[in-house]
Amino acid sequence: MGKVIVITSGKGGVGKTTASANIGAGLAREGKKVVLIDADIGLRNLDLVMGLENRIVFDLVDVVEKKCRSFRQALIKDKRFANLFLLPAAQSRDKNAVQPDQMKKLCDTLRDNFDFVIIDCPAGIELGFQNAIAGADEAIIVTNPEVSSVRDADRVIGLLEAEDKTNPRLLINRMRENLVKKKQMLGVDAVTEILGIDIIGIIPEDEKVLFSSNKGEPLVMDDSSRAGKAYRSVVRRLIDPNATIELQIEENGLWAKLKRIFAGGNGVFGFKAQ
Amino acid sequence: MFDIMEFLNRIFKKNGNNGGSGEEAKERLKLVLISDRATVAPHVMESLKEELIQVISRYMTIDTSMMEMGLERKGKEVALAANIPVIGMKRNNRKESMEGAPPIASKPEPAKPAAKQETVKPVPKAEKPAKPPVVKPVVEEIEEEEEKPAFKQTVPVKNEPAPPAMEQDSDEDEGDDDASRSRKGKKGGRRYLARTSTSNSGRRTSSSRRRS
Ligand SMILES: Nc1ncnc2c1ncn2[C@@H]1O[C@H](COP(=O)(O)OP(=O)(O)O)[C@@H](O)[C@H]1O
Ligand SMILES: [Mg+2]
């Protein structure tokens with residue numbers, strides 16, 4: 001029996017879709033059977049980030065409304081991994097087309113057929129959010145080290161716990177080590193202290209995220225990318241809860257090396273795992 | 001454009017005052033989350049209300065239909081405010097529950113106000129004011145010193161921003177899995193922020209429970 005994990009944040013634009021694509025692809029790369037659900041009805045995007053936008057026939061709403069024979073008919077097989085599938089969002093419908101109990105049922109079905117069900121949650125805390133979390137066993141909260149995103153994350157954590165979804169884990173995205181060093185950005189310590197939940201990973205700011213979405217290729221396959229590496233570490237922790245978090249995310253290149261020498265540091269974000 | 005102040009700041013600040021804007025972000029977030037977290041889901045408030053009614057009813061007959069309670073917010077302060085109209089006192093039960101209190105002698109059984117609210121003469125519906133702060137007690141056996149007709153209580157919900165996080169741990173009750181969950185937080189931030197308020201979620205409710 002698989003695990004259903006919702007990727008959520010409250011605030012929009014913090015990196016949920018990017019995280020869903022990379023975690024999904026990363027898990028598939030480790031041999032897991034994975035289905036990604038784009039729950040952002042009306043604002044379909046995960047297909048594009050995954051490079052699967054041209055193959056969509058049926059979508060999430062079709063499955064829920066039983067317009068196709070089974071969920072399998074709506075699943076799009078990934079180009080790169082045979083064990084990775086996408087259930088795309090409906091683009092021309094609104095969020096009311098799906099209700100939480102329907103999502104719950106769908107998740108129950110998928111749980112029996114996959115190792116991991118990853119749900120890309122829409123922004124906000126209304127029905128779209130309620131739908132996305134309804135069938136989830138676990139939640140990953142994506143946040144940026146920035147005030148409004150952290151505040152919204154806190155709100156979402158509260159709402160999740162009110163629904164008995166306990167133990168959400170934190171994914172801090174777009175971390176900029178140099179700013180943290182200058183004390184001009186919330187560090188990992190500060191964010192975890194404020195939100196008080198376990199952390200599952202830290203993704204650095206990386207322009208390759210943009211390049212990869214331009215091409216429709218998840219970043220986890222790119223060994224030279226810092227964000228890609230960080231996502232692989234998140235994936236390892238999803239598979240093995242005891243795997244260590246790689247908090248040491250080093251900048252590549254000569255410039256970064258020089259900076260490190262002058263700063264006297266070694267690229268640690270100032271977070272000490274215990 | 002060259003900013004002379006910025007330049008001077010860079011030269012002279014460094015390990016000077018209160019760090020950069022990141023520190024400010026952290027402090028501001030901590031403060032705003034105190035009031036953000038001070039919300040209570042309707043069903044939680046409802047069960048709190050029911051339990052309060054049970055407890056107070058051991059001592060007084062109250063008008064539950066006119067009872068009001070909720071969280072009140074003034075700036076950073078959050079308080080649990082309740083306005084509970086009192087119809088009458090129940091001396092008998094009060095005596096039992098106050099240990100060491102001198103026995104109040106010689107009221108014959110049938111005459112005292114019974115524990116059941118229904119036996120108390122009800123306030124005539126028509127006379128009830130729309131807002132209930134003052135409801136005249138109508139039961140005979142009321143004592144003088146207990147004449148306060150309405151029980152108005154404002155319990156401040158503590159929200160001092162930064163108590164030392166670690167020492168909170170010791171007095172936690174070990175069986176509470178909510179508590180053990182929040183204990184996992186690295187620095188206990190949610191823990192101490194959480195304990196400042198009741199809220200719509202387990203972590204905070206449990207934390208505030210731990211306070212008392
Ligand atoms: N680690 C990162 N570094 C740089 N840019 C990022 C990073 N993560 C996300 N982005 C960019 O942020 C934008 C929003 O990301 P997206 O995943 O669509 O957010 P959401 O799904 O939460 O709305 C995208 O343009 C994406 O390329
Ligand atoms: Mg998105």
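Owing to the predicted nature of the structure, the values given are computational and were not obtained by experimental measurement. (Residues numbered from 1 in each chain as written. Chains lettered and ligands numbered in written order. Predicted model: local features only at pLDDT ≥ 70, side-chain atom pairs only at ≥ 80, totals over all residues. Heavy atoms only, no water.)

(A) View of the overall build of chain B. A count of helical and extended segments in chain B gives seven helices and four strands. The helix and strand sequence of chain B, counted from the amino end, reads α-α-α-β-β-β-α-β-α-α-α. Relative to its 212 residues, chain B shows a buried fraction of 36%. Counted over contacts in chain B with a minimum sequence separation of 6, partners at least 24 positions apart contribute 69%. Surface accessibility of chain B: about 13,300 Å² in total, with carbon and sulfur atoms responsible for 56%. (Helix = DSSP H or I, 4+ residues; strand = E, 2+ residues; numbered from the N terminus. Buried < 20%, exposed > 50% of the residue type's maximum accessible area, 1.4 Å probe, protein only. Contact = heavy atoms within 4.5 Å. Areas by Shrake-Rupley, 256 points an atom, 1.4 Å probe, with all protein chains shown as cover.)

(B) Expanded view of the site of ligand 1. All names here are of chain A. Near ligand 1, the surroundings consist of 14 residues, among which Gly13, Lys16, Thr17, Thr18 and Asn173 are the closest. Here an oxygen atom of ligand 1 sits 3.0 Å away from a polar atom, N or O, in the main chain of glycine 15. Here an oxygen atom of ligand 1 sits 2.8 Å away from a polar atom, N or O, in the side chain of lysine 16. Expressed as a share of its isolated accessible area of 570 Å², the protein-covered part of ligand 1 is 77%. (Near = heavy atom within 4 Å. Polar contact = N/O pair within 3.5 Å; in protein donor to acceptor, adjacent residues only side chain to side chain.)

(C) Geometry of the packing of helix 5 (residues 100–111) of chain A against helix 6 (residues 127–134) of chain A. Residue and element names in this part refer to chain A. Packing of helix 5 against helix 6 brings their axes to within 7 Å, and their N-to-C directions diverge by 25 degrees. One finds that helix 5 runs roughly parallel with respect to helix 6. The chirality of how helix 5 crosses helix 6 is right-handed. Within the contact between the two elements, helix 5 uses Pro100, Met103 and Lys104 and helix 6 uses Leu127, Gln130, Asn131 and Ala134. Taken together, the residues of the contact of helix 5 with helix 6 break down into four nonpolar, two polar and one charged. (Axes fitted to C-alpha atoms, helices over the stretch in contact; angles between N-to-C directions. Parallel < 35°, antiparallel > 145°, perpendicular 65-115°, else oblique. Left-handed = near helix turned anticlockwise from the far one by under 90°. Nonpolar A, V, L, I, M, F, W, Y, C, P; charged D, E, K, R; others polar.)

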